[in-house]
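# Structure at a glance
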Amino acid sequence: MSDPSLREVASKIAGEIIMSDNPGAEMRKWREKFSLTQVEVATHMGVSASVLSDYESGRRKSPGSRFVARFVKSLIMKDIERGGIVLSGLRRILLGSDLLREAVLDMREFSIPLSIARFCEAIEADLIVGAAFISTPILGYTVVDSIKLVLDVPSYDYIKLYGATTQRAAIFTKVAYGRSPMVAVKSMQAGMGGLRPALVVLHGARKVDELGLEIAKRENIPLAVTRIEDLNELISRLRAIK
């Protein structure tokens with residue numbers, strides 16, 4: 001890889017795998033983040049899918065650094081073959097601050113646009129503001145820990161949350177009422193020339209705060225609340241979107 005930024009991204013992914021207490025699980029996490037099957041990655045690496053499966057499941061001892069390097073390179077090269085859909089967003093996140101990387105739980109670009117209506121259906125979300133925007137296309141999503149984002153991430157890093165496009169869903173987790181995420185979105189607009197997500201989704205909210213609703217209405221930002229309670233299930237549903 002001759003691109004310095006790609007080498008840095010590869011280095012950061014490999015480092016997370018090698019330093020993890022469970023390297024196999026970390027490998028699986030990254031493979032799924034790139035939306036690749038074990039067969040696709042193993043074939044590119046020149047190993048059998050069973051070998052990769054054994055590492056991911058922990059049936060084999062932790063992989064060495066050379067194996068991890070080949071694994072990460074295969075993820076990146078396969079994504080480049082597909083147009084660099086995942087890398088376009090990862091570059092921003094992985095090359096941002098450590099605090100930003102901790103706050104972003106998942107991020108992905110879509111190869112084919114998805115309407116807000118279809119997106120909400122996929123993650124069992126009810127659109128409570130912005131019914132007129134159900135046909136608006138979404139090109140990706142970012143899942144963030146709303147507490148870490150608001151308390152820890154410097155405002156100059158906010159723009160990196162948009163990945164390759166602002167036409168995406170911003171999904172806030174650990175939400176009680178939704179006030180702080182909507183205030184954060186409004187602040188992002190003020191600091192970034194009016195940039196805003198195409199959709200805001202709240203995870204964990206039982207009742208949406210009136211101020212949050214009012215901000216969404218005034219700023220014409222579609223707002224939805226997902227009924228999926230388990231965060232891991234929500235991310236699995238997101239990654240299953242084709």
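Thresholds, definitions, all that
- Residues numbered from 1 in each chain as written.
- Predicted model: local features only at pLDDT ≥ 70, side-chain atom pairs only at ≥ 80, totals over all residues.
- Heavy atoms only, no water.
- Buried < 20%, exposed > 50% of the residue type's maximum accessible area, 1.4 Å probe, protein only.
- Helix = DSSP H or I, 4+ residues; strand = E, 2+ residues; numbered from the N terminus.
- Patch = residues over 30% accessible without salt bridge, like charges linked within 9 Å, V, L, I, M, F, W, Y side chains within 5 Å.
- Areas by Shrake-Rupley, 256 points an atom, 1.4 Å probe, with all protein chains shown as cover.
- Salt bridge = Lys/Arg side-chain N within 4 Å of Asp/Glu carboxyl O.
- Phe/Tyr/Trp six-rings, centres within 6.5 Å; stacked < 30°, edge-to-face > 60°.
- Lys NZ or Arg CZ within 6 Å of the ring centre and 35° of its normal.
- 1 Å grid on protein atoms, 1.4 Å probe; cavity = no way out; pocket = protein on both sides within 12 Å on 5 of 7 lines; lining within 4 Å.
- Points joined across faces, edges and corners; volume = space filled by probe spheres on them.
- Domains from an automatic or database assignment.
- Polar contact = N/O pair within 3.5 Å; in protein donor to acceptor, adjacent residues only side chain to side chain.
- Contact = heavy atoms within 4.5 Å.
- Pairing = 2+ DSSP bridges.
- Axes fitted to C-alpha atoms, helices over the stretch in contact; angles between N-to-C directions.
- Parallel < 35°, antiparallel > 145°, perpendicular 65-115°, else oblique.
- Left-handed = near helix turned anticlockwise from the far one by under 90°.

### A word on helix H2 (residues 23-33)
Taken residue by residue, H2 has Pro-23, Gly-24, Glu-26, Met-27, Trp-30, Arg-31 and Lys-33 as its buried positions. Looking one or two residues beyond H2, the residue adopting positive phi is Ser-35, at roughly 55°.

### With respect to a nonpolar patch on the surface
Taken together, the side chains of Ile-147, Val-150 and Leu-151 make up a nonpolar region of the molecular surface, amounting to roughly 290 Å² of accessible area. The residue Leu-151 is located in helix H9 (residues 146-152) in this model.

### Looking at the packing of aromatic side chains
The final tally for this structure, using the stated rule, is three aromatic pairs. When the centroid spacing of 4.6 Å and the interplanar angle of 50° are considered together, the rings of Tyr-55 and Phe-67 count as tilted. Of this pair, Tyr-55 sits in helix H4 (residues 49-57) while Phe-67 sits in helix H5 (residues 65-81), and the two are 12 residues apart along the sequence. Phe-67 shares its class with Tyr-55; the two are buried. Ring centres 5.9 Å apart and planes at 55° place the aromatic pair Phe-110 and Tyr-141 in the tilted group. Here Phe-110, found in strand S1 (residues 104-115), pairs with Tyr-141, found in strand S3 (residues 137-145); they are 31 residues apart in sequence, far enough to count as distant. The burial state of Phe-110 is the same as that of Tyr-141; both residues are buried. Through pairs of rings, three or more aromatic residues link up here, namely Phe-110, Phe-119 and Tyr-141. Above the ring of Trp-30, the side-chain terminus of Lys-33 is found at 5.4 Å from the ring centroid. Above the face of the Tyr-55 ring, Arg-60 is positioned so that its terminal group lies 5.7 Å from the ring centre.

### Comments concerning the layout of surface pockets
Put simply, the second largest pocket is a space of about 350 Å³. Residue lining of the second largest pocket: 19 residues in total, with Phe-34, Ser-35, Arg-82, Arg-108 and Lys-242 positioned closest to the centre. When we break the lining of the second largest pocket down by domain, the ones giving at least three residues each are domain 1 (4-83) and domain 2 (103-240).

### Some thoughts on unusual backbone geometry
One non-glycine residue, Ser-35, lies in positive phi territory at about 55°. Along the chain, Ser-35 falls in the loop between H2 and helix H3 (38-45). Phi angles above zero are rare outside glycine, and Lys-174 is one such case at about 55°. Tracing the backbone through its elements, the reader meets Lys-174 in the loop between strand S4 (169-173) and helix H10 (179-191).

### Here's the deal with the side chain of Ser-53
Topologically, Ser-53 is positioned in helix H4. The class of Ser-53 is buried, set by a relative accessible area of 19%. Polar contacts involving the side chain of Ser-53 include one to the side chain of Arg-59, which spans 3.1 Å. Leave out the neighbours within four places in its chain, and Ser-53 touches Gln-38 and Arg-59.

### Some words on the pairing of S3
If a strand is regular, its side chains alternate between the two faces of the sheet. With seven of its nine residues buried, S3 lies for the most part within the structure. Where S1 and S3 come together, seven bridges link them in antiparallel fashion. Across the sheet, residue Leu-114 finds its bridge partner in S3, namely Ile-138. Of the strand pairs in this sheet, S3 and S4 are connected by five bridges, and their pairing is parallel. Note that in S4 the partner of Val-143 across the bridge is Ile-171.

### Describing the packing of H3 against H5
Contact geometry of H3 with H5 gives a least axis separation of 9 Å together with a crossing angle of 110°. Here H3 is positioned roughly perpendicular relative to H5, judged by the angle of their axes. Once H3 is placed against H5, the crossing between them reads as right-handed. On the side of H3, the interface is formed by Glu-40, Val-41, His-44 and Met-45, while H5 contributes Phe-67, Arg-70, Phe-71, Ser-74, Leu-75, Met-77, Lys-78 and Glu-81.

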